[in-house]
Amino acid sequence: MTENAWTRWPSREALSRAGITRSRRLLAWAVRLLVIGMLLWGAFTGDHVHGWALAGGVAGIFVTAALAWAFWRTTLAHRLWPSVALIAALLGVAIGGQAAGFTVPAVVVWCGCAVSSLERLPIAVALPVTSVSLATYAAVNDDVWLTTAVTTGGLALAGYTLRLDAEARGNAQRLLAQERMARAAEAESAALAERARIAREIHDVLAHSLSAQLVHLEAARLLIERGADRETILERVVAARGMARDGLAETRQALSALRGEMTPLEDFLTEIVATTAGAEVTVTGDRRQLSAEASQAVRRVAQEALTNVRKHAPGAKVLLRLEYGEHEVRLDVRDSGGSPGELTGAGGGYGLLGMRERAELLGGSLRAEPEEEGFVVTLKVPA
């Protein structure tokens, strides 16, 4: 529900000093010093000012300053009735000063109450207070009526202008605070996304590495059950150890890749193909730099596909084809098929599922299905 404009307070940002430039603060203090100077001049230059009148004038100035400060605090806290009571007390001090012969200070207090009420109180309350203040000022002012009318109108306009200026400043402060909160939320979101990205990368690297180790360890188990010779079994164990070492190296490479420190994709594919018998790689299209996420997706899918070939079709020929399209990059991994290996059941079967999730997060797709001869894995990611 929209708040009534007549009963709405100026915002706390508008009533505070937040957002006020140094030059404006200096100007405000200059105005305050001028007002205090006028009060002192009016209090101590009259012929009637002596003795108790002098003491009363000094006391009145301190009381006025204390009431004005309290009015600033209560309006900042949006406390209506204490604010009204304080402005009434200020008007009472001005009337007392006028009665005691301190006309100039009384006029200054009346004008200040009129302007401050319009600036700091709800309009429904500020209008009566301002009307009483300016009417009292007009009643004691001995200028011609036109001058008095222009002065009272100017004071009312000044008060409302200060209110609008304060509201504009308050809105700017709120927008600035919201922008800072949005930036903080954006930074936090980016940090969480980066953590998720690192977690996924480490997960995929370790999943691939452990899957490859499991292949060799399962082979070693089968060899032990069949009573194979020690050298053959040791070869499999050493291979598993090498896979563990390679997994650690790949983890470090993955972290480096996340920082933008990675070898070219074509060189990486050439390196992993060199470690697989009967595998080769071809690259077509205009080569270009891919994002870290897209490049890592291609690398992980290539590794997972080759691991699956070693598990399910050992000895099969494998062709990796990397194709740079206009808006996407495509990786095809095809094997020639073969008899199922002894390690077909090894592993949990979650490697390609994780790769498919990675591709979908990038807005791409992953297809893995058998063909007439062998198996094909096709990855497409935006580039």
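About the cut-offs
- Residues numbered from 1 in each chain as written.
- Predicted model: local features only at pLDDT ≥ 70, side-chain atom pairs only at ≥ 80, totals over all residues.
- Heavy atoms only, no water.
- Helix = DSSP H or I, 4+ residues; strand = E, 2+ residues; numbered from the N terminus.
- Buried < 20%, exposed > 50% of the residue type's maximum accessible area, 1.4 Å probe, protein only.
- Contact = heavy atoms within 4.5 Å.
- Areas by Shrake-Rupley, 256 points an atom, 1.4 Å probe, with all protein chains shown as cover.
- Expected span 1.5 Å × (residues − 1).
- Polar contact = N/O pair within 3.5 Å; in protein donor to acceptor, adjacent residues only side chain to side chain.
- Salt bridge = Lys/Arg side-chain N within 4 Å of Asp/Glu carboxyl O.
- Pairing = 2+ DSSP bridges.
- Right-handed = clockwise from strand over helix to strand, strands pointing away.
- Phe/Tyr/Trp six-rings, centres within 6.5 Å; stacked < 30°, edge-to-face > 60°.
- Lys NZ or Arg CZ within 6 Å of the ring centre and 35° of its normal.

Peer 1: Just to check I follow, could you spell out the overall build of the protein chain for this structure?
Peer 2: Helix and strand counts for the protein chain come out as eleven helices and five strands. The buried share among the 383 residues of the protein chain stands at 36%. Across the protein chain, contacts joining residues at least 24 apart in sequence account for 71% of those joining residues at least 6 apart. When the accessible surface of the protein chain is totalled, it reaches about 21,900 Å², and 62% of it is carbon and sulfur.

Peer 1: What's the story with the environment of Thr103 in this structure? I'm lost.
Peer 2: Mapped onto the fold, Thr103 is located in helix H5 (residues 103-120). Each C-alpha atom, one on Thr103 and one on Tyr137, is 10.0 Å from the other, the two residues being 34 residues apart in sequence. In contact with Thr103, not counting residues within four places along its chain, are Gly97 and Gln98.

Peer 1: Explain helix H10 (residues 292-312) to me, please; I cannot follow it from the model alone.
Peer 2: Residue pairs spaced three or four apart in an α-helix point in one direction, given the helix's 3.6 residues per turn. In a regular helix each residue adds 1.5 Å, so 21 residues correspond to 30 Å; H10 covers 30 Å between its end C-alpha atoms and thus fits that length. Among the 21 residues that make up H10, 18 are buried, leaving the element largely enclosed by the rest of the structure. The opening residue of H10, the one whose side-chain oxygen lies 3.2 Å from the backbone nitrogen of Ala294, is Ser291.

Peer 1: Sorry if this is basic, but what is going on with the pattern of salt bridges here?
Peer 2: Oppositely charged side chains can pair when the atoms bearing their charge come close. If you walk through the whole model with that rule in mind, you get eight salt bridges. Across the pair Arg367 and Glu369 runs a salt bridge whose closest N-O atoms are separated by 2.0 Å. Exposure remark for Arg367: the relative accessible area of 32% places this residue in the partly exposed category. Exposure remark for Glu369: the relative accessible area of 33% places this residue in the partly exposed category.

Peer 1: When you look at the pairing of strand E1 (residues 279-284) in this model, what are you seeing that I'm missing?
Peer 2: Regular strands place their side chains on alternate faces of the sheet. Sheet analysis places E1 next to strand E2 (residues 318-324), joined by six bridges and oriented parallel. When the sheet's bridge partners are listed, Glu280 is paired in E2 with Leu319. Handedness of the crossover joining E1 and E2 through H10 is recorded here as left-handed.

Peer 1: Help me understand the packing of aromatic side chains in this model?
Peer 2: Any two aromatic rings considered together are summarised by their centre-to-centre distance and by the angle between their planes. Under the definition given, this model contains zero aromatic pairs. Just above the ring of Phe268 sits the side chain of Arg299; from NZ or CZ to the centre is 5.1 Å.

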